[in-house]
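Below, each chain spelled out in residue letters.
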Amino acid sequence: MIVLGIESSCDDTGAAVVNDEKEILGEALQSQEEHKRYGGVVPEIAARAHLEHVDEIVNTCLERAHISLKDVDAVAASAGPGLIGGVVVGVMTAKALALALDKPFVAINHLEGHALCARLVHPIEFPYLLLLVSGGHCQILVVKDVGAYERLGTTIDDAAGEAFDKVAKMLGLGYPGGPMIEKLAASGDDSRFSLPRPLLNSGDCNLSFSGLKTAVRKIIESYSPDGEIEHAILPKQDVADVCACFQMTATDCLVRKLEKAIAYFQQKYPAGRHLVVSGGVASNTYLRGKLKQLAEKYGMEFAAPPIRFCTDNGVMVAWAGLERFRKGFISPLDFKPRPRWPLDENAPKAAGAGGVKA
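Calculation criteria
- Residues numbered from 1 in each chain as written.
- Predicted model: local features only at pLDDT ≥ 70, side-chain atom pairs only at ≥ 80, totals over all residues.
- Heavy atoms only, no water.
- Helix = DSSP H or I, 4+ residues; strand = E, 2+ residues; numbered from the N terminus.
- Rg over C-alpha atoms; globule rule 2.2 N^0.38 Å.
- Buried < 20%, exposed > 50% of the residue type's maximum accessible area, 1.4 Å probe, protein only.
- Contact = heavy atoms within 4.5 Å.
- Areas by Shrake-Rupley, 256 points an atom, 1.4 Å probe, with all protein chains shown as cover.
- Lys, Arg positive; Asp, Glu negative; His and termini not counted.
- Charge placed at Lys NZ, Arg CZ, Asp CG, Glu CD.
- Patch = residues over 30% accessible without salt bridge, like charges linked within 9 Å, V, L, I, M, F, W, Y side chains within 5 Å.
- Salt bridge = Lys/Arg side-chain N within 4 Å of Asp/Glu carboxyl O.
- Pairing = 2+ DSSP bridges.
- Axes fitted to C-alpha atoms, helices over the stretch in contact; angles between N-to-C directions.
- Polar contact = N/O pair within 3.5 Å; in protein donor to acceptor, adjacent residues only side chain to side chain.
- Core = buried A, V, L, I, M, F, W, Y, C linked by side-chain atoms within 4.5 Å.
- pLDDT = per-residue confidence, 0-100.
- Parallel < 35°, antiparallel > 145°, perpendicular 65-115°, else oblique.
- Nonpolar A, V, L, I, M, F, W, Y, C, P; charged D, E, K, R; others polar.

Trainee: Break down the overall build of the chain for me, citing the residues and quoting the values.
Mentor: Scanning the chain from terminus to terminus reveals 9 helices and 10 strands. The C-alpha atoms of the chain give a radius of gyration of 21 Å, which matches the 21 Å a tight globule of 358 residues would have. With respect to the principal axes defined by its C-alpha atoms, the chain has extents near 65 × 50 × 30 Å. Within the chain, the fraction of its 358 residues that count as buried is 55%. For the chain, long-range pairs separated by at least 24 residues make up 72% of all intrachain contacts whose partners lie at least 6 apart in sequence. Just so you have it, the chain exposes about 15,100 Å², and 52% of that area is on carbon and sulfur atoms. With 38 positive and 44 negative side-chain charges, the chain shows a separation of 5 Å between the mean positions of the two kinds.

Spelled out as structure tokens, the structure:
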């Protein structure tokens, strides 16, 4: 069984071909550089870039796989959530190919692509506990099966990756900010500044990063002669210290909430063994190290996709497409792309309005 996957939900145009032997036959990815000057992704520019590159990316992927389109059993595409202009480009391309080839089309929830990606490279059985953490999403979920998710907690404001990018922007580090913060934090003192941990005692698994981001802003503003962040001048070491303190605190917020989730998970799903992290922020090695320690503390196995598959890519879409296709989940050609698409939309929520209680 071979599935072609297309990813275009944000600022990466990706395509990949995988088979049911867990082999990546071919892949191609075009990361858009056009957004760096703006300090973030501009939706209209992203959509136009996807339209310009998607055919070339698909062709390159197939060439690297040494197959033709007729060898593909199904065509999958990220159909949401995401920037709707880019999502439409990928979905329409996949639908056109499926129609022309008389092959099934599989609409993929972009978050499910992240959620299942680790299963491509690790022997992970259902159910497992998942921290899905990226620039636009931050959720703690139980992955019960393909298409079956129980959300235990989510961010009530900024996603963790969004907070990383905004802090980096305030420090003048450029976009994307996460990798720069991690790099500078390595030489910083993570005890230099005291930062808040929002919702720490809320009793549920929900997260908040807005207040943490604001606290960092106030520190940066203290270096400005007139209190304006644009005029702040921080010595190089102080920038590293701010990065280290922010990274440590944000990670601690995630770890503390995951401890609550683990208690619930181990009680309700005693057969579950894995703690998995996925999404763009999962490429942060500091976070990975702390989550590995957390898993060991509670007798769980830690797993994550390879770093290059943490950010958006065609491989995760192709694999999710294969997982869904072999269970018989096929989408109609009139499926409408969705800018918002909760992963647990049709799944029961955990106890309590705000998620699982401690």
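Trainee: Could you give an account of a nonpolar patch on the surface, with specific residues and numbers?
Mentor: Taken together, the side chains of Ile84, Val88 and Met92 make up a nonpolar region of the molecular surface, amounting to roughly 240 Å² of accessible area. On the secondary structure map, valine 88 appears in helix 2 (residues 84-101). You can call valine 88 partly exposed: its relative accessible area is 34%.

Trainee: Which residues make up the sheet that holds strand 6 (residues 128-133), and what values go with them?
Mentor: Across a sheet, strands are paired by hydrogen bonds formed along the backbone, either parallel or antiparallel in direction. Strand order in the open sheet formed by 5 strands is 8-7-6-9-10, and the pairing between neighbours is mixed. What marks the edges here is a single partner per strand, and that holds for strand 8 (148-154) and strand 10 (301-303). Recorded for the sheet is a direction-independent mean angle of 25 degrees between the axes of neighbouring strands. Where strand 6 lies against strand 9 (residues 274-278), 4 bridges are found, and the strand directions are parallel. By the bridge assignment for strand 9, leucine 131 is matched with valine 277. Packed onto the sheet, helix 8 (residues 285-297) meets strand 6, strand 9 and strand 10 and runs at close to 160 degrees relative to strand 10.

Trainee: So what's going on with the side chain of threonine 154? Which residues, and what values?
Mentor: By the secondary structure assignment, threonine 154 is in strand 8. A polar side-chain atom of threonine 154 sits 3.2 Å from the main-chain carbonyl oxygen of cysteine 138. Once residues lying within four places of it in the same chain are set aside, the contact partners of threonine 154 are Cys138, Gln139, Cys205, Asn206 and Leu207.

Trainee: Residue-level account of the pairing of strand 9, with values.
Mentor: Strand 9 sits mainly inside the fold: 5 of its 5 residues count as buried. Of the two faces of strand 9, the one holding His274, Val276 and Ser278 and the one holding Leu275 and Val277 are both buried throughout.

Trainee: Give a description of the nonpolar core that names residues and reports values.
Mentor: Leu129, Ile140, Leu171, Phe209 and Phe246 are the most contacted members of the largest nonpolar core, which has 59 residues in total. If you list the elements that add at least two residues to this core, you get strand 6, strand 7 (138-145), helix 4 (160-170), helix 5 (178-185), helix 6 (210-221), helix 7 (236-268), strand 9 and helix 8. Sort the elements by how many residues they give to this core and helix 7 lands first, with 15 residues. Leucine 171 has contacts with Ile220, Leu234, Val239, Val242 and Cys243, leaving out every residue within four places of it along the chain. Listed in part, the 33 residues of the second largest apolar core include Leu116, Ala303, Val315 and Leu322.

Trainee: If you had to explain unusual backbone geometry to someone new, which residues and values would you point to?
Mentor: Between phenylalanine 126 and the following residue, proline 127, the backbone shows a cis peptide bond with an omega angle of -5 degrees. Among the secondary structure elements, proline 127 is positioned in the loop between helix 3 (110-121) and strand 6. The step from tyrosine 175 to proline 176 runs through a cis peptide bond, and the omega angle for that step is -5 degrees. Unlike most non-glycine residues, aspartate 102 shows phi in positive territory, near 60 degrees. One can find aspartate 102 in the loop between helix 2 and strand 5 (105-109). At leucine 199, a position not held by glycine, the phi torsion is positive, near 65 degrees. Relative to the helices and strands, leucine 199 is located in the loop between helix 5 and helix 6.

Trainee: Can you break down the confidence of the model for the chain residue by residue, with the values?
Mentor: Note: predicted coordinates in regions of low pLDDT should not be interpreted at a detailed level. For the chain, the average pLDDT comes to 93, and 96% of its residues sit at 70 or higher. Of the regions scoring below 50 in pLDDT, residues 347-354 engages in 18 contacts with residues more than four places distant in sequence or in other chains.

Trainee: Can you tell me about the packing of helix 3 against helix 9 (residues 314-325), naming the residues and giving the values?
Mentor: Remark: helix 3 packs on helix 9, axes separated minimally by 8 Å, with the N-to-C direction vectors making an angle of 85 degrees. Judged on the interaxial angle alone, helix 9 and helix 3 are roughly perpendicular. Contact residues: helix 3 offers His110, Glu112, Gly113, His114, Leu116, Cys117, Arg119 and Leu120, while helix 9 offers Val315, Met316, Trp319, Ala320, Glu323 and Arg324. Tallied by class, the residues present in the contact of helix 3 with helix 9 amount to 7 nonpolar, 3 polar and 4 charged.

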